[in-house]
Structures are given as C-alpha cells and as structure tokens.
Amino acid sequence: MTTPIGLAAAPSLQEIERARANVSQIAKITPIERSKALGAELGHEVFIKCENLQRTGAYKVRGAYTKLLSLTDEERAHGVVAASAGNHAQGVAMAARELGVDATIFMPIGVALPKLQATRRYGAEVRLEGDIFDRTLAAAKAFSAETGATFIPPYDDPKVIAGAGTIGLEILDQQPDVETVVVPIGGGGLISGVAAAVKQKAQLLGHRIRVVGVQSDRASSYLPSLEAGHPVTVPVQPSIADGIAVGRPGTLNFEIIRDLVDEIVTVRDEEIARAIVLMLERAKLVVEPAGAAAPAAILAGKVHSEGTTVAIASGGNIDPLLLQQIIQYGLVELSRYATISVMLPDRPGQLQIISEHVAGQDANVVEVLHTRHGKGFDIGAVELQISVETKGEEHLQQVLGSLREIGYDPQIVR
C-alpha cells in the first residue's frame, strides 16, 4: 500500500495506525510537557515528548514489538536475536518476553552495567562479544545464520519504522497545533517513522508540519549522504551520545528522510551536556545524551520555527556515573562552575585574600589547589587554582572583574 504522499518507502498511515493498536498492548502513551526554558529560546511554545518515561526507558520497544508481532509461528519458535549496546536490547528483550519468544542479545564487552542488568532482567540471554560494536553486530548475524533465529534490526526495517511512527500519531493527538517536530537521528528509524506519520496525518488535516532531525557532530552521516544522493559511511568519533553514534544511514531510512525531513542539524557534546543539565534542573527529567539531542539543538539556537514545537526526548537510560560527569561538564558550559587560575606572590596571606574576595562576590569556593611547582613559574611566585560555583556567565565575569580590580590576572582553566 502506498502512502497518500506517494512515497512507497514509508509505511502508510494505515500501517502506522495498525502498529499503534498493537503497540498499545505493551507501551504506554508517554506525556508531553511544556518547557518554558526551551520556549524562551524559540520565542513560542515548546513541548517535550517524554519517551524517556516509556517502558524500558526508551522508544525502542515500540518498533521491536511491532516487528516481533509480524513473525510467523515458525519464526517465533526459532527465537530472535539482536545486537545493541542499550535501548534496542531492552526493547527486544521486553517485547520477546511479552510474546513468549526466546531472545538472545549480543552486547559489546564493556557495555554499561545498568543496561546489561536491565536486558537480563527482561529475560533475554545476553552474550558479550566484541570490543567494538561492528564485531558485536557480526556475532549476532552469525548466530542468526547458525540457529535460524530472526535478526531484529534496530532501525532499517519497515515494521520497526512503523512502530516508531506511533510516537508521531501521539504527538498530533496531544498537541494538534504542532508546526515543527524535532527528532534525534542515529540510523534513522525514529525520525523515519515520526516523519511518515506526521506528514501524512497533517496532509489529511490540511496543514503542514516541519520535521527537523538532529545528529551528533561526531557521527553525522546524513548530511554527506543527502549531499551525495545515497548512503555514505562516515567515521564515528567518541561521543557521550552513543545511542545515535551511527556511521551509515539505514537504506530504507535514507529514502524516507531524503523525501520527508525538512532539515538536519548537528549538535556538539558540550551542547548535549548543557541540555541534560537543563532538563534535569528545569523539567525534572532524566534524559540520556542521545535523548537530549533535540532539546540541545533548540538551546543552541539551531532550530528555527514560527509556531508550536515538539522536541522528542527519545530515552532516559543513562549510567549514574556518566550522569555525574555530564552534570559537572554541563555546569561548566553554563558558567555555573569554573576553575580559575591566579598567579600570586609567595608570601603569607595571599590565599586568604583571594578566598575572602571571591566569597565576598557571593561565589562559593569548593576546591583549592596551591602550588609552587610549574613550568614557567617565576621564582617567588605560586599558582592558585580555585574552583567556584557561580550563578552563570554574568556572575562569573563579575568575580573575574573584581579580582582584576585588586591587581590580579585571573584566567579560566575550565
């Protein structure tokens, strides 16, 4: 069945509606929350679609369940297999458990412990293979060939795409006046489904909806692929947003995104960290780095829209240790935390002068390093590194300015 917009690659609106009826058996309708902070950036209302609050902590269960439901009895009897470092693993494991299908999940060696434990809790057999994901994927496909287990792809599959598209239908139900939807992109499964759903539904309703995709600048495969006119492979650099660190677009996903997505932008890790802190502090939402890509693009001023906007927070599965690091990093990006270096004469009382002066500017001193040893130090000089909590960029500059007024030359270290 072709779609009303004439794009054979995309699932039809009827197929996505059927997927929604099925997905309702396992997934919940996630809330959509107004964000004043993001709205202030764009100048009009912005809402967050909270798939981080979905069962398994991410949207992936929608596509996994839709795919598993399409299997024959014989295919189910042979079980399913998937390769994933996190959210797809949990989605497949949970969907398989609900349908009584044996699931084997291949995960890379060194996968985050919370994701490993969660996948096992859903009843899947987990095998740790490969120190990089390509080897993990190869092992999963070899297992499929050897055992007859059906390989469940994470994004490049029409059923998986239709399952992801159910989010688009929910957005239109919850926020009918939406004009722009902002979606993270890895391989392209989520945005393919969402774009197919909202574009077709909007056409029936007689209005237009823009779809903006967001990739990490460390794995931005879609921009060069669209320029080339076909999927191309790009090197993947280390990123906190490992959930969208995919070096090559899905074949089917590329066709849909090429024809239905209006714009693609990229975000840096620093911008993602800033968005995670804001979501935690202002929206009271825990969002993983990949899930924060859409809000990050809005905060960074990379999304332009003239009406109601919805940003999809695609997942919330984040290791607490990584969250701790990101919060610290994000506070630095927001100028809420800084380490200041000041060269001082090596005589008594200097440390007290600096500490009291900084405290007098209502900045909180949290750490101090005082050393005589360093390359290029003058004899009789010491370096003071003082870590402070401030209220933002304006307050930080006030602290620096006050130190300059009393004769010091403060420099921000980080």
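Residues numbered from 1 in each chain as written. Predicted model: local features only at pLDDT ≥ 70, side-chain atom pairs only at ≥ 80, totals over all residues. Heavy atoms only, no water.

1. Some details on the packing of aromatic side chains
Applying the stated rule across the entire model yields one aromatic pair. Lying across the ring of Phe151, Lys141 places its NZ or CZ 5.6 Å from the centre. (Phe/Tyr/Trp six-rings, centres within 6.5 Å; stacked < 30°, edge-to-face > 60°. Lys NZ or Arg CZ within 6 Å of the ring centre and 35° of its normal.)

2. Section: the side chain of Ser314
Topologically, Ser314 is positioned in the loop between strand S10 (309–313) and helix H14 (320–333). Sequence-distant contacts of Ser314, that is, excluding residues within four places in its chain, are made with Glu51, Asn52, Ala58, Tyr59, Pro184, Leu190, Ala290 and Gly291. (Helix = DSSP H or I, 4+ residues; strand = E, 2+ residues; numbered from the N terminus. Contact = heavy atoms within 4.5 Å.)

3. Observations concerning the pattern of salt bridges
Enumeration over the complete set of coordinates arrives at 20 salt bridges. Across the pair Glu17 and Arg20 runs a salt bridge whose closest N-O atoms are separated by 3.2 Å. Of this pair, Glu17 and Arg20 are both found in helix H1 (residues 13–23), three residues apart, which corresponds to roughly one turn of the helix. Residue classification places Glu17 among the partly exposed residues on the basis of a relative accessible area of 27%. As a salt-bridge pair, Arg34 and Glu45 come within 2.7 Å of each other at their nearest N and O atoms. Placement of the pair is Arg34 in strand S1 (residues 32–34) and Glu45 in the loop between helix H2 (36–42) and strand S2 (46–50), with a sequence separation of 11 residues. Through salt bridges with shared partners, a single ionic network connects Glu17, Arg20, Asp173 and Lys201. (Salt bridge = Lys/Arg side-chain N within 4 Å of Asp/Glu carboxyl O. Buried < 20%, exposed > 50% of the residue type's maximum accessible area, 1.4 Å probe, protein only.)

4. Focus: the nonpolar core
Ranked by internal contacts, the top residues of the largest apolar core, which has 39 residues, are Val181, Val183, Leu190, Val194 and Ile312. Of all the secondary structure elements, the ones that give two or more residues to this core are H1, helix H8 (158–174), strand S7 (180–184), helix H9 (189–205), helix H11 (251–260) and S10. Take this core: its biggest share by element is eight residues, from H9. Look past the residues within four positions of Ile312 in its chain and what remains in contact with it is Lys49, Ile167, Ile171, Val181, Val182, Val183, Pro184, Leu190, Val194, Gly291, Ala294 and Pro295. Listed in part, the 35 residues of the second largest apolar core include Leu285, Val287, Ala290 and Ile298. (Core = buried A, V, L, I, M, F, W, Y, C linked by side-chain atoms within 4.5 Å.)

5. Quick look at the pairing of S10
Counting buried positions over the five residues of S10 gives five, a clear majority of the element. Residues of S10 alternate between two faces, with Thr309, Ala311 and Ala313 on one and Val310 and Ile312 on the opposite face, all of them buried. The pairing of S2 with S10 spans five bridges and is parallel. Bridged to Val46 within S10 is Thr309. Pairing of S7 with S10, which is carried by three bridges, proceeds in the parallel orientation. When the sheet's bridge partners are listed, Val182 is paired in S10 with Ala311. (Pairing = 2+ DSSP bridges.)

6. Observations regarding the sheet that holds strand S6 (residues 150–151)
Strand order across the open sheet formed by four strands is S5-S4-S3-S6, with parallel pairing between neighbours. A single partner strand is all that each edge strand has here, and the edge strands are strand S5 (125–128) and S6.

7. Structural notes on the packing of helix H3 (residues 60–69) against helix H5 (residues 87–99)
With their axes 8 Å apart at the nearest point, H3 and H5 run at an angle of 45 degrees to one another. If you check the angle between H3 and H5, you find them oblique. For the crossing formed where H3 meets H5, the hand is right-handed. Contacts between H3 and H5 involve Lys60, Val61, Ala64, Tyr65, Leu68 and Leu69 from the first element and Asn87, His88, Gly91, Val92, Met94, Ala95, Ala96, Glu98 and Leu99 from the second. Split into classes, the residues belonging to the contact of H3 with H5 amount to 10 nonpolar, three polar and two charged. (Axes fitted to C-alpha atoms, helices over the stretch in contact; angles between N-to-C directions. Parallel < 35°, antiparallel > 145°, perpendicular 65-115°, else oblique. Left-handed = near helix turned anticlockwise from the far one by under 90°. Nonpolar A, V, L, I, M, F, W, Y, C, P; charged D, E, K, R; others polar.)

8. Focus: the sheet that holds S10
The strand order across the open sheet formed by six strands is S1-S2-S10-S7-S8-S9, and the pairing between neighbours is mixed. Edge positions in the sheet fall to S1 and strand S9 (263–267), since each of these pairs with one other strand and no more. Averaged over all pairs of adjacent strands, the angle between their axes in this sheet comes to 25 degrees, without regard to strand direction. By the bridge criterion, five bridges tie S7 to strand S8 (residues 210–216) in an arrangement that is parallel. Residue pairing across strands places Val183 opposite Gly213, the latter belonging to S8. Contacting S1, S2, S7 and S10, H8 crosses the sheet at an angle of about 135 degrees to S2. Of the strands in this sheet, S2, S8, S9 and S10 touch helix H12 (residues 269–283), which is tilted by about 90 degrees from S9.

9. Some points on the environment of Gln324
Note that Gln324 resides in helix H14. On a C-alpha basis, the gap between Gln324 and Val23 in space is 34 Å, while along the polypeptide they are 301 residues apart.

10. Describing the environment of Gly250
Relative to the helices and strands, Gly250 resides in the loop between helix H10 (222–228) and H11. With near-sequence residues (within four places) excluded, Gly250 lies in contact with Tyr155, Asp156, Gly187 and Tyr222.

11. Some words on unusual backbone geometry
A positive phi angle is found at Thr56, which is not glycine, with a value near 70 degrees. Here Thr56 shows up in the loop between S2 and H3. One non-glycine residue, Asp362, lies in the positive phi region at around 65 degrees. Position of Asp362 relative to the elements: it lies in the loop between helix H15 (350–360) and strand S12 (364–371).

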